[in-house]
Amino acid sequence: MHERKAVIASRVGLHARPAGIFAEAVGELTIEVPIALEDNAAEDAMDASSILSLMSLGAANSDIVILRAEAEGEGEGEGEGAVAALGALITLLETDLDAE
């Protein structure tokens, strides 16, 4: 299991347009990516491919979220795909998607 933190850069947080862009990017992956606010427990994580889950997360500008990912069948020394996917998703979250 890989885990990364990101700071929400969009001015309105993960609402409407930013959540839609992010959910679409997650939905294109072949791995599951749960997302949670930094202060929430791992079991409270939500499906990052769901725009409704992202919006109900309530992540505002400058909030820190945690993304987790595990490639299917991931074993010792594997999982580069999950790491790369998390990197790309972190870049999205740390971009002001409202400005585009």
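Reading the values: the criteria
- Residues numbered from 1 in each chain as written.
- Predicted model: local features only at pLDDT ≥ 70, side-chain atom pairs only at ≥ 80, totals over all residues.
- Heavy atoms only, no water.
- Helix = DSSP H or I, 4+ residues; strand = E, 2+ residues; numbered from the N terminus.
- Rg over C-alpha atoms; globule rule 2.2 N^0.38 Å.
- Areas by Shrake-Rupley, 256 points an atom, 1.4 Å probe, with all protein chains shown as cover.
- Lys, Arg positive; Asp, Glu negative; His and termini not counted.
- Charge placed at Lys NZ, Arg CZ, Asp CG, Glu CD.
- Expected span 1.5 Å × (residues − 1).
- Buried < 20%, exposed > 50% of the residue type's maximum accessible area, 1.4 Å probe, protein only.
- Arc of directions from axis to C-beta.
- Contact = heavy atoms within 4.5 Å.
- Pairing = 2+ DSSP bridges.

Asker: It is not clear to me how the overall build of the chain should be interpreted in this structure. Could you clarify?
Answerer: The helix and strand inventory of the chain stands at three helices and four strands. Radius of gyration (C-alpha) of the chain: 13 Å, near the 13 Å computed for a compact globule of 100 residues. By principal-axis analysis of the C-alpha atoms, the chain measures approximately 40 × 30 × 20 Å. In the structure as shown, the chain presents an accessible area of about 5,400 Å², 51% of it carried by carbon and sulfur atoms. Of the side-chain charges in the chain, 5 are positive and 20 negative, and the distance between the mean point of each set is 9 Å.

Asker: Quick question: what am I supposed to make of helix α3 (residues 80-93) here?
Answerer: The periodicity of an α-helix, 3.6 residues per turn, causes residues three or four positions apart to be oriented the same way. The terminal C-alpha atoms of α3, which comprises 14 residues, lie 20 Å apart, in line with the 20 Å expected from a rise of 1.5 Å per residue. Along α3, the residues classified as buried are Ala-82, Ala-85, Leu-86, Leu-89, Ile-90 and Leu-93. Along α3, the residues classed as buried sweep out an arc of 140° about the axis, all on the same side. The exposed residues of α3 that point more than 90 degrees off its buried face are Glu-80, Gly-81 and Ala-84. Buried positions along α3 lie against β1 (2-7), α1 (16-27), β2 (34-37) and β4 (64-69).

Asker: I keep staring at the pairing of β4 and nothing clicks. Help me out?
Answerer: Looking along a regular strand, one sees side chains alternate from face to face of the sheet. A large share of β4 lies buried, amounting to five of its six residues. Relative to β4, β1 runs antiparallel, the two sharing six bridges. Considered in β4, the bridge of Arg-4 is made with Leu-67. The pairing of β2 with β4 spans three bridges and is classified as antiparallel. Bridge pairing in β4 places Ala-36 opposite Ile-66.

Geometric descriptors of this kind do not, in isolation, establish any biological role.
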